[in-house]
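Overview (structure and organization)
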Amino acid sequence: MAFESLSERFQEAFKKLRGKGKLNEEDVREALKEIRRALLEADVNFTVAKDFIKRVQEKAVGEEVFGSLNASQTVIKIVRDELTELLGGTQSRLTVSSKPPTVLMLAGLQGAGKTTTAAKLAKHLKQKGKSPLLVAADVYRPAAITQLEVLGNELNIPVYKEENCQDPVGIVSRAVPYATAHLCDTVIIDTAGRLHINEVLMDELIHIKETVHPHEILLVVDAMTGQDAVTAASAFDAALGIDGLIMTKLDGDARGGAALSIKAVTGKPIKFIGVSEKTDGLEEFHPHRYASRILD
Ligand code: GDP
């Protein structure tokens, strides 16, 4: 499970604080030093970790914890609140268009889990009473189209594809009216990925965006890639503009740095997380619940 080592380190720091009774400034500074080290070892962005500690320190001073009896509880609460903030604060929901269909465009680097996530998201929305349409716009990888079709069949969710068509912009522009004609209220577009960010990829995504004006552009990133996921998110946001993120593979042993840095660095929230390879392995992302999972 992700965050395991970070979680242990937080527990240790808290245990020391709890054992102390009244705290002086030095005790808190020591604990925060440990927490800062733990954040950096979990691969949290350096500036993000530094700012985190600074905010906790300032709040602890502001709340005059030093010398008070429940000081450790107060410090722990401040850390919990700040960790929740770091994960995005409040839950960030998907936009639903008042005029169907709602168009959701998934983007991401190859291997991040885009195609799997498209199917997972379709299943999640179907369970919520929506009628999704999956659109296979990753035309350069025939395997991706087949993969989406297999998943669609398994979930009993329609998949729009065009045999031998190499024009993703054309495909998506025809997929939206197809959705309307077939009473699908949500369109989920699986776009092409590349191993690295490049101009050709971005141009294609921008072209799709300008053609269908998606209500949400969701970037799929792999938690296991750590700060590379954060760098990718910044680059996609700068070139394409993203509305939020889906972070996959949080069931693996990712250290957690990406999840803890991405909102602070990009300003964009994580909306869903991937927690298994299976189609039911997608969860809405609740920052406060996740903070508790790390701290409790
Ligand atoms: P794409 O190239 O971005 O479309 O990536 P795929 O959807 O083909 O996924 C790449 C690999 O990651 C596949 O083996 C998926 O089963 C796996 N995968 C995707 N999401 C998750 C996840 O949340 N957890 C785990 N463990 N594996 C995932």
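Thresholds, definitions, all that
Residues numbered from 1 in each chain as written. Predicted model: local features only at pLDDT ≥ 70, side-chain atom pairs only at ≥ 80, totals over all residues. Heavy atoms only, no water. UniProt positions renumbered as here; feature names shortened; annotations may be inferred. Core = buried A, V, L, I, M, F, W, Y, C linked by side-chain atoms within 4.5 Å. Buried < 20%, exposed > 50% of the residue type's maximum accessible area, 1.4 Å probe, protein only. Helix = DSSP H or I, 4+ residues; strand = E, 2+ residues; numbered from the N terminus. Contact = heavy atoms within 4.5 Å. Salt bridge = Lys/Arg side-chain N within 4 Å of Asp/Glu carboxyl O. Polar contact = N/O pair within 3.5 Å; in protein donor to acceptor, adjacent residues only side chain to side chain. Pairing = 2+ DSSP bridges. Axes fitted to C-alpha atoms, helices over the stretch in contact; angles between N-to-C directions. Near = heavy atom within 4 Å. Nonpolar A, V, L, I, M, F, W, Y, C, P; charged D, E, K, R; others polar.

Under the annotation held in an unreviewed UniProt entry, the protein chain carries the name Signal recognition particle protein and is attributed to Megasphaera lornae. You can read under Subcellular location (unreviewed entry) in the UniProt record for the protein chain the words "Cytoplasm". You can read under Catalytic activity (unreviewed entry) in the UniProt record for the protein chain the words "GTP + H2O = GDP + phosphate + H(+)".

Digging into the nonpolar core
Formed by 81 residues in total, the largest nonpolar core has its most connected members in Phe10, Ile35, Phe236 and Met247. Counting residues per element, this core draws most heavily on helix H4 (residues 71–86), at seven residues. Leaving out residues up to four positions away in the same chain, Met247 has contacts with Val221, Ala223, Ala258, Ala259, Ile262, Ile270, Phe272, Ile273 and Gly274. Leu104, Ala112, Ala119 and Leu282 belong to the second-largest nonpolar core, a separate cluster that totals 22 residues.

Observations concerning the pattern of salt bridges
One pass over the full model with this rule turns up 20 salt bridges. The shortest N-O distance in the salt bridge between Arg9 and Glu41 comes to 2.5 Å. Here Arg9 is found in helix H1 (residues 4–18), whereas its partner Glu41 is found in helix H2 (residues 25–41), with 32 residues between them in sequence. Across the pair Arg141 and Asp138 runs a salt bridge whose closest N-O atoms are separated by 3.4 Å. When its relative accessible area of 30% is taken as the criterion, Arg141 is described as partly exposed. A single salt-bridge network, built from bridges that share partners, covers Arg55, Lys59 and Glu82.

Some points on the side chain of Asp222
Its location among the elements puts Asp222 in strand S5 (residues 216–222). Since its relative accessible area comes to 11%, Asp222 is described here as buried. Polar contacts involving the side chain of Asp222 include one to the side chain of Lys249, which spans 3.3 Å.

Quick word on the sheet that holds strand S8 (residues 282–284)
In spatial order, the strands read S3-S2-S4-S1-S5-S6-S7-S8; together these eight strands make up an open sheet with mixed pairing. Strands with a single pairing partner mark the edges of an open sheet, and in this sheet they are strand S3 (159–160) and S8. Note that S5 and strand S6 (residues 244–248) share five bridges and pair parallel. The residue of S6 that forms the bridge with Leu219 is Leu245. Where helix H8 (residues 199–212) meets the sheet, it contacts strand S1 (102–108), strand S2 (132–137), strand S4 (186–191) and S5, and its direction lies at approximately 175° from that of S1. With respect to the sheet, helix H10 (residues 257–266) is in contact with S5, S6 and strand S7 (270–274), its orientation differing from that of S6 by roughly 165°.

Focus on the side chain of His124
Among the structural elements, His124 can be located in helix H5 (residues 114–127). The buried category is assigned to His124, whose relative accessible area is 14%. His124 has contacts with Phe272, Leu282 and Glu284, leaving out every residue within four places of it along the chain.

Remarks on the pairing of S5
In terms of burial, S5 is a largely internal element, seven of the seven residues being buried. Here S5 shows no split at all, with Glu216, Leu218, Val220 and Asp222 on one side and Ile217, Leu219 and Val221 on the other all buried. Judged from the five bridges that link them, S1 and S5 form a sheet pairing that is parallel. Considered in S5, the bridge of Gly108 is made with Val220.

Considering the site of the ligand
Taken together, 18 residues surround the ligand, and among them Gly111, Gly113, Lys114, Thr116 and Asp251 come closest. Within the backbone of Gly113, one N or O atom sits 2.9 Å away from an oxygen atom of the ligand. Ranked by residue count, the leading element in the shell around the ligand is H5, at four residues. When its residues are assigned to classes, the shell around the ligand shows three nonpolar, nine polar and six charged.

Concerning the pairing of S7
Burial runs high along S7: five of the five residues are buried. Here S6 pairs with S7 via three bridges, running parallel. Paired with Leu245 across the two strands is Ile270, which belongs to S7. Where S7 lies against S8, three bridges are found, and the strand directions are antiparallel.

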